[in-house]
Amino acid sequence: MSGPPRELLRPRHWPSWLGLGLLSLGLLLPRRWRDAIAARVGDRQYRRHVKARETVELNLTCCFPDWSEDERRRVAREHFRSYARAIADQPLSWWDLSGRRVPRRCRVTGLEHLQAAHAEGAAVILLSPHITAVDFGGLALTPHAHLSTMVNRLDNPVLQWAVHLGRARHGNVFLREDGLRPVVRALRAGAVFYYMPDEDLGPRDSVFAPFFGMEKATLTSLGRLARLARAKVVPIMACYNVEQRRYEVNLRPALFDFPSGDDDADARVMNAALEESIRQCPAQYLWNQRLFLSRPDGSRMAYPKRARRR
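Residues numbered from 1 in each chain as written. Predicted model: local features only at pLDDT ≥ 70, side-chain atom pairs only at ≥ 80, totals over all residues. Heavy atoms only, no water.

**Some details on the environment of Leu222**
Okay, so step 1: With respect to the helices, strands and loops of the structure, Leu222 is situated in helix α10 (residues 221-229).
Okay, so step 2: A C-alpha to C-alpha distance of 8.3 Å links Leu222 and Pro259, two positions 37 residues apart in sequence.
Okay, so step 3: Once you skip the residues sitting within four places of it in the chain, Leu222 turns out to touch Ile125, Leu127, Tyr195, Val233, Phe258 and Met270. (Helix = DSSP H or I, 4+ residues; strand = E, 2+ residues; numbered from the N terminus. Contact = heavy atoms within 4.5 Å.)

**Let's talk about the pairing of strand β6 (residues 206-211)**
Okay, so step 1: Relative to strand β7 (residues 214-219), β6 runs antiparallel, the two sharing six bridges. When the bridges of β7 are listed, Ser206 appears paired with Leu219.
Okay, so step 2: The turn linking β6 back onto β7 is made up of two residues, and Phe212 within it adopts a positive phi angle of 55°. (Pairing = 2+ DSSP bridges.)

**Overview of the packing of helix α1 (residues 14-25) against helix α8 (residues 157-168)**
Okay, so step 1: The interhelical angle for the contact between α1 and α8, taken along N-to-C directions, is 40°, at an axis separation of 9 Å. Classified by the interaxial angle, the pair formed by α1 and α8 is oblique. For the pair α1 and α8, contact is made by Ser16, Trp17 and Leu20 and by Val158, Leu159, Trp161 and Ala162, respectively.
Okay, so step 2: Split into classes, the residues belonging to the contact of α1 with α8 amount to six nonpolar, one polar and no charged. (Axes fitted to C-alpha atoms, helices over the stretch in contact; angles between N-to-C directions. Parallel < 35°, antiparallel > 145°, perpendicular 65-115°, else oblique. Nonpolar A, V, L, I, M, F, W, Y, C, P; charged D, E, K, R; others polar.)

**Concerning the sheet that holds strand β1 (residues 106-109)**
Okay, so step 1: The strand order across the open sheet built from seven strands is β1-β9-β8-β2-β5-β3-β4, with neighbouring strands paired in mixed fashion. Every interior strand has two partners, whereas the edge strands, β1 and β4 (171-175), have only one. On average, each strand axis in the sheet is tilted by 25° relative to the strand beside it, whichever way the strands run.
Okay, so step 2: Note that strand β3 (residues 147-151) and β4 share five bridges and pair parallel. Bridged to Thr149 within β4 is Val173.
Okay, so step 3: Each of β3 and β4 touches α8; the most contacted strand, β4, lies at about 140° to it.

**Observations concerning the packing of aromatic side chains**
Okay, so step 1: For the coordinates displayed, the defined rule picks out twelve aromatic pairs.
Okay, so step 2: Arranged with centres 3.9 Å apart and planes meeting at 10°, the rings of Phe64 and Trp67 form a pair that is stacked.
Okay, so step 3: Taken together through their ring pairs, the aromatic side chains of Phe64, Trp67, Phe211, Phe212, Tyr285, Trp287 and Phe292 make up a single cluster.
Okay, so step 4: A cation over an aromatic ring shows up here: Arg53 above the ring of Tyr46, its NZ or CZ 5.4 Å from the ring centre. (Phe/Tyr/Trp six-rings, centres within 6.5 Å; stacked < 30°, edge-to-face > 60°. Lys NZ or Arg CZ within 6 Å of the ring centre and 35° of its normal.)

**Points about the pattern of salt bridges**
Okay, so step 1: Taken as a whole and judged by the stated rule, the model has 16 salt bridges.
Okay, so step 2: One salt bridge in this structure joins Arg31 and Asp89, with 3.0 Å as the shortest N-O distance. With Arg31 in helix α2 (residues 31-48) and Asp89 in helix α4 (residues 69-94), the pair connects residues that are 58 residues apart, well separated along the chain.
Okay, so step 3: On the basis of relative accessible area, Asp89 is assigned to the buried category, the value being 0%.
Okay, so step 4: With a closest N to O distance of 3.3 Å, Lys232 and Glu120 form a salt bridge. Residue Lys232 is found in strand β8 (residues 231-241), and its partner Glu120 is found in the loop between α6 (111-119) and β2 (123-127); the two are separated by 112 residues along the sequence.
Okay, so step 5: With relative accessibility at 30%, the residue Lys232 sits in the partly exposed group.
Okay, so step 6: The exposed category is assigned to Glu120, whose relative accessible area is 57%.
Okay, so step 7: When salt bridges with common partners are traced through the structure, they connect Arg31, Arg34, Asp35, Asp89 and Arg245 into a single cluster. (Salt bridge = Lys/Arg side-chain N within 4 Å of Asp/Glu carboxyl O. Buried < 20%, exposed > 50% of the residue type's maximum accessible area, 1.4 Å probe, protein only.)

Shown next, in the form of structure tokens:
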């Protein structure tokens, strides 16, 4: 394992290293203690981060209009707890040098669907929503497949180095800014691509398709990738089981007759599969995304303004 670049060891990055060190020390605590601390931190974030809370609750109102206000607030509060717990568990992936520690903490079901696609000689795209446990979904599968994924570059360079270290140890990590070409090459070479195409990145390269009953700007890249790489698309969902204190990863059968060649039809199929995944544990989806920012009439939904980044 190579060390961090010398640039990251300069004094201005020391606060970030201190934060990562304290976070890593948390792994020495019993699981139940870490969960209890994460719950307290999540409750505090729920109270203090008003704009993030309003974004979460707006999305829940759009997607679950039949829920009571109390139910939406309960799920929103649990979302913040889940987010805090995922951050507390991040060092598990950074320092799991053997690649065996994280998989032992996860339960995988539906592995036969991945194996069936491989038996047909097909490349595989794992279709996942943006979830708090996303890293553990990938790490749980490392004993069974060579994975690749696509991520955004993080603002904090120290955190970027640590997160990339944990992910790249077990597969290829592509930056979104590099486009889809390296992804296609990896798929054709046999890698399994872990993909989360549920963001609203604007009308460009998107079509509007239903998502929990709301029209959403939906990327068409999944169908293009599957067509170019002749890949099967296998839905996956990873979530943390609070009662059993472990991560659970569930794979479902590959999407039927996908891609169809019709961007609108493929977007509807993709969003329906993402909905089914999210309903398994709604609180652990990243509701803090501006899911419905782009509207079909060209307007933008009035989400709370995000805090300025430092």
